[in-house]
Amino acid sequence: MATERAMEMVRSDGREEKLEGAREIRRLTKTSSMHRRQLSGAIESLVSMLGSGDLDCNESALLALLNLAVRDERNKIKIVDAGALKPLINFLQSHNSNLQEHATAAILTLSASAVNKPPITTAGAIPLLVNILRDSSLQSKIDSVMALYNLSIHPDNLQIILSVQPVSPIINLLRSCKKSSKTAERCSALLESLMHFDEARNALTAVEGGVLRVVEVLEDGSLQGREHAVGALLAMCESDRRRYREVILKEGAIPGLLELTVQGTPKSQTKARMLLQLLRESPYARSKFQTDVLENIVINIVSQIDEDERSGKAKKMLAEMVQGSMERSLRHLQQRALVCNLTDLHVTNCASEVPLK
């Protein structure tokens, strides 16, 4: 039987047999959840190969462990329990780009388990992940930000992430990626969590185009990405309305916010309405968000720009915004329908993993 033979080879003493066994395990586990379960007994032998100092053994074992861990909670925990974190932390610091990339992917996949989050943090992964986010291959940066997102779900980790100044490299990645991508979604989710801290808000406004990048996700992101983007802006404005109101208005957030009040998820709609209220000159005048309230918001904003025909211009502006927003939303939904299915829409706390290798 193929699984038994692969297990025997990876447990053998010979280097070539171990390599062949690891490669066979990688192949068998790429398409079969049953094989991932049957071959879990090879985890300890594969982890021992990570400490061999042999580059071929390191890479082959690492890729086999990655496939064993994907979509298998028990294997994720077993890999960490077998002592994989120490060599993985070393690989994150490797000058070999392939090894670093594979190790980042492994940390991403292992961090999807709630049980693994504390030991990964204790092992010192967070500063290294932020370093990779600053200066590494694009794929490593993507896996790094997704791993940081996974780790950020554990509340105790947010302060640790914040302490290594992640905002600038997150914005740099957000600047280069498609705003509707899963990468942008995770960047926005991480920023939303960090925006509850003054240090992160200062960092975002200090980065050139930082707030603009969030507004771009607000306008063109996935459903979840837009929800996180408006949440990040709302957290800023709630923390210090006087300080951040003008910054958000300056980057042109109003059309996207108006669109979200019509086309966003229920949470997006609520957050967008709350933020629109805060962006008014007198934010607490009314609490119900009907059409006339949105008109009042736009009237208020226009009043600061043009002294003549304020009400008429505001109503026209609102009508154009809503009409344009509806048309853009319909186009977005039609485009997404061509390439997405329901499995692409994950809940907010859904952890990320890498694809099978």
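Cut-off values and rules
Residues numbered from 1 in each chain as written. Predicted model: local features only at pLDDT ≥ 70, side-chain atom pairs only at ≥ 80, totals over all residues. Heavy atoms only, no water. Helix = DSSP H or I, 4+ residues; strand = E, 2+ residues; numbered from the N terminus. Buried < 20%, exposed > 50% of the residue type's maximum accessible area, 1.4 Å probe, protein only. Contact = heavy atoms within 4.5 Å. Areas by Shrake-Rupley, 256 points an atom, 1.4 Å probe, with all protein chains shown as cover. Polar contact = N/O pair within 3.5 Å; in protein donor to acceptor, adjacent residues only side chain to side chain. Axes fitted to C-alpha atoms, helices over the stretch in contact; angles between N-to-C directions. Parallel < 35°, antiparallel > 145°, perpendicular 65-115°, else oblique. Nonpolar A, V, L, I, M, F, W, Y, C, P; charged D, E, K, R; others polar. UniProt positions renumbered as here; feature names shortened; annotations may be inferred. Core = buried A, V, L, I, M, F, W, Y, C linked by side-chain atoms within 4.5 Å. Salt bridge = Lys/Arg side-chain N within 4 Å of Asp/Glu carboxyl O.

> Would you mind showing me how to read the overall build of the protein chain here?
Along the protein chain, the regular secondary structure elements total 22 helices and zero strands. When each of the 357 residues of the protein chain is scored for burial, the buried share is 53%. Excluding contacts between residues fewer than 6 apart, the proportion of contacts in the protein chain whose partners are at least 24 apart in sequence is 68%. Surface exposure of the protein chain reaches about 16300 Å², of which carbon and sulfur atoms provide 51%.

> Explain the side chain of Glu185 to me, please; I cannot follow it from the model alone.
Following the sequence through the fold, Glu185 ends up in helix α14 (residues 182-194). Polar contacts involving the side chain of Glu185 include one to the side chain of Lys182, which spans 3.1 Å. Not counting residues up to four positions away in its chain, the partners in contact with Glu185 are Ser222, Gln224, Gly225 and His228.

> Mind showing me how you'd approach the side chain of His35 here?
Note that His35 resides in helix α3 (residues 33-38). The contacts of His35, once residues within four sequence positions are left out, are Thr3, Leu28 and Thr29.

> When you look at unusual backbone geometry in this model, what are you seeing that I'm missing?
Comment: phi is negative for the bulk of residues other than glycine, and the bulk of peptide bonds are trans. The phi dihedral of Arg71 falls on the positive side, at around 55°, and the residue is not glycine. Its location among the elements puts Arg71 in the loop between α5 (55-69) and α6 (73-81). Residue Arg71 is classed as exposed on the basis of its relative accessible area, which comes to 59%.

> Looking at this structure, I do not really get the packing of α5 against α6. What am I missing?
Pairs of packed helices are described in terms of their axes, by the angle between the two and the distance that separates them. Put simply, α5 and α6 touch, their axes get as near as 7 Å, and they point 140° apart. Overall, the two elements α5 and α6 adopt an arrangement that is oblique. Note on element contacts: α6 touches α5 through Asn75, Lys76 and Ile79, opposite Leu65, Leu68 and Ala69. Residue composition of the contact of α5 with α6, grouped by class: four nonpolar, one polar and one charged.

> What is the right way to look at the UniProt feature "repeat: ARM" (unreviewed entry) in the protein chain in this model?
The positions UniProt marks with the feature "repeat: ARM" (unreviewed entry) are residues 41-83, 83-125 and 124-162. The span residues 124-162 is 79% helical and 0% strand by assignment, and the distance between its end C-alpha atoms comes to 14 Å.

> Would you take a moment to explain the nonpolar core for this structure?
For soluble globular proteins, the rule of thumb is that nonpolar side chains tend to be buried together. Residues Ile25, Leu46, Leu88, Leu194, Leu233, Leu257 and Leu275 are the most contacted members of the largest nonpolar core, which totals 99 residues. Element by element, the count of residues in this core is highest for α5, at nine residues. Beyond its immediate stretch of four places on either side in the chain, Ile25 contacts Ala6, Val10, Leu39, Ala42, Leu46, Ala64 and Leu68.

> Just to check I follow, could you spell out the pattern of salt bridges for this structure?
Pairing of side chains with opposite charge becomes possible as their charged atoms draw close. Summed over the entire model, instances satisfying the criterion amount to 16 salt bridges. Across the pair Asp56 and Arg15 runs a salt bridge whose closest N-O atoms are separated by 3.3 Å. Taken as a pair, Asp56 in helix α5 and Arg15 in helix α2 (residues 15-29) lie far apart in primary sequence, 41 residues in all. Owing to a relative accessible area of 38%, Asp56 belongs among the partly exposed residues under this scheme. Put simply, Arg15, Glu16, Asp54 and Asp56 are held in one network by salt bridges that share partners.

> Help me understand the packing of helix α18 (residues 241-250) against helix α20 (residues 266-279) in this model?
For the pair α18 and α20, interaxial distance at closest approach is 10 Å and the crossing angle is 105°. With respect to α20, the axis of α18 lies roughly perpendicular. Across the interface between the two elements, Arg241, Arg245, Ile248 and Leu249 of α18 pack against Leu275, Leu278 and Leu279 of α20. In terms of residue class, the contact of α18 with α20 is made up of five nonpolar, no polar and two charged.

> For this particular structure, what's the right way to read helix α10 (residues 125-134)?
In an α-helix, one turn spans 3.6 residues, which is why side chains three or four residues apart end up on the same side. Along α10, seven of the ten residues are buried, which leaves the element largely enclosed by surrounding structure. Residues of α10 that are buried in the fold lie against α7 (85-92), α8 (97-110), α9 (117-122), α11 (138-152), α12 (157-163) and α13 (167-176).

> Teacher, can you tell me more about the environment of Ala253 here?
Counting through the fold element by element, Ala253 comes out in the loop between α18 and α19 (254-263). With 42 residues separating them in the primary sequence, Ala253 and Val211 have C-alpha atoms 9.6 Å apart. When near neighbours in sequence (up to four residues on either side) are disregarded, Ala253 contacts Val215, Leu218 and Ile248.

> Help me understand the environment of His154 in this model?
With respect to the helices, strands and loops of the structure, His154 is situated in the loop between α11 and α12. Those residues in contact with His154, other than ones at most four positions away along the chain, are Lys117 and Pro118.

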